[in-house]
Amino acid sequence: DLESNRLRVTAILATAAKAVQFSSVLLVPVVPNCARKLWLQCGGVGDIAAQRLDFLSWDKLKVDRPFPQPEIIFPRVGEVRAVGRLRKLESKYRKS
């Protein structure tokens with residue numbers, strides 16, 4: 001029925017949001033700004049840099065509040081611009 005489907009979809013979305021929150025904590029050392037945006041957009045509370053992996057618990061992650069307005073996390077880089085940057089990096093690498 002409609003109510004059981006609604007509850008099922010709610011549980012699935014909450015699980016997905018928790019998975020993204022958990023993953024964002026793992027991403028902090030690699031892409032801190034993107035990780036912070038992911039954390040906040042998926043219901044994370046507080047400063048993500050203060051989250052300690054050894055204290056992170058699936059049950060403590062909260063997704064019971066409205067999510068903020070989405071914002072771009074990984075902006076698209078123009079193909080020409082990206083290829084140019086890659087070529088510069090490659091030539092720098094080959095020179096060293």
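Residues numbered from 1 in each chain as written. Predicted model: local features only at pLDDT ≥ 70, side-chain atom pairs only at ≥ 80, totals over all residues. Heavy atoms only, no water.

Chemist: Help me understand the overall build of the protein in this model?
Modeler: Each helix and strand in the protein was counted, giving 3 helices and 0 strands. Written out in order from the N terminus, the α and β elements of the protein read α-α-α. Dimensions of the protein, computed from C-alpha atoms along their principal axes, come out at roughly 65 × 35 × 20 Å. The buried share of the protein, reckoned over its 96 residues, is 18%. Here the contacts in the protein between residues at least 6 apart in sequence split such that 55% fall between residues at least 24 apart. As presented, the protein carries roughly 7900 Å² of accessible surface, and 61% of it is formed by carbon and sulfur atoms. (Helix = DSSP H or I, 4+ residues; strand = E, 2+ residues; numbered from the N terminus. Buried < 20%, exposed > 50% of the residue type's maximum accessible area, 1.4 Å probe, protein only. Contact = heavy atoms within 4.5 Å. Areas by Shrake-Rupley, 256 points an atom, 1.4 Å probe, with all protein chains shown as cover.)

Chemist: Looking at this structure, how should I read the nonpolar core?
Modeler: Within soluble globular proteins, side chains that are nonpolar tend to cluster in buried spots. V25, A35, W39, I48, L56 and L61 form the largest nonpolar core, which has 6 residues in total. Leaving out residues up to four positions away in the same chain, V25 has contacts with W39, I48, Q51, L53 and L56. (Core = buried A, V, L, I, M, F, W, Y, C linked by side-chain atoms within 4.5 Å.)

Chemist: Please clarify how the pattern of salt bridges should be interpreted in this entry.
Modeler: Should their charged atoms come close, side chains of opposite charge can pair. Evaluation of the coordinates by the stated rule reveals 3 salt bridges. A salt bridge links D54 to R52; the shortest N-O distance between them is 2.5 Å. Taking relative accessible area as the criterion, R52 reaches 46% and is therefore assigned partly exposed. (Salt bridge = Lys/Arg side-chain N within 4 Å of Asp/Glu carboxyl O.)

Chemist: I'm lost on the side chain of K18 in this one. Help?
Modeler: Mapped onto the elements, K18 comes out in helix α1 (residues 2-27). Given a relative accessible area of 16%, K18 falls into the buried group. The residues touching K18, leaving out its near neighbours within four places in the chain, are W58, D59, L61 and V63.

Chemist: How do you make sense of the confidence of the model for the protein when you look at a structure like this?
Modeler: Regions with low pLDDT should not have their predicted coordinates read in detail. With 97% of its residues at a pLDDT of 70 or more, the protein has an overall mean of 85. When pLDDT is averaged over each helix and strand of the protein, the minimum, 83, is found for helix α3 (residues 79-95) and the maximum, 91, for helix α2 (residues 32-41). (pLDDT = per-residue confidence, 0-100.)

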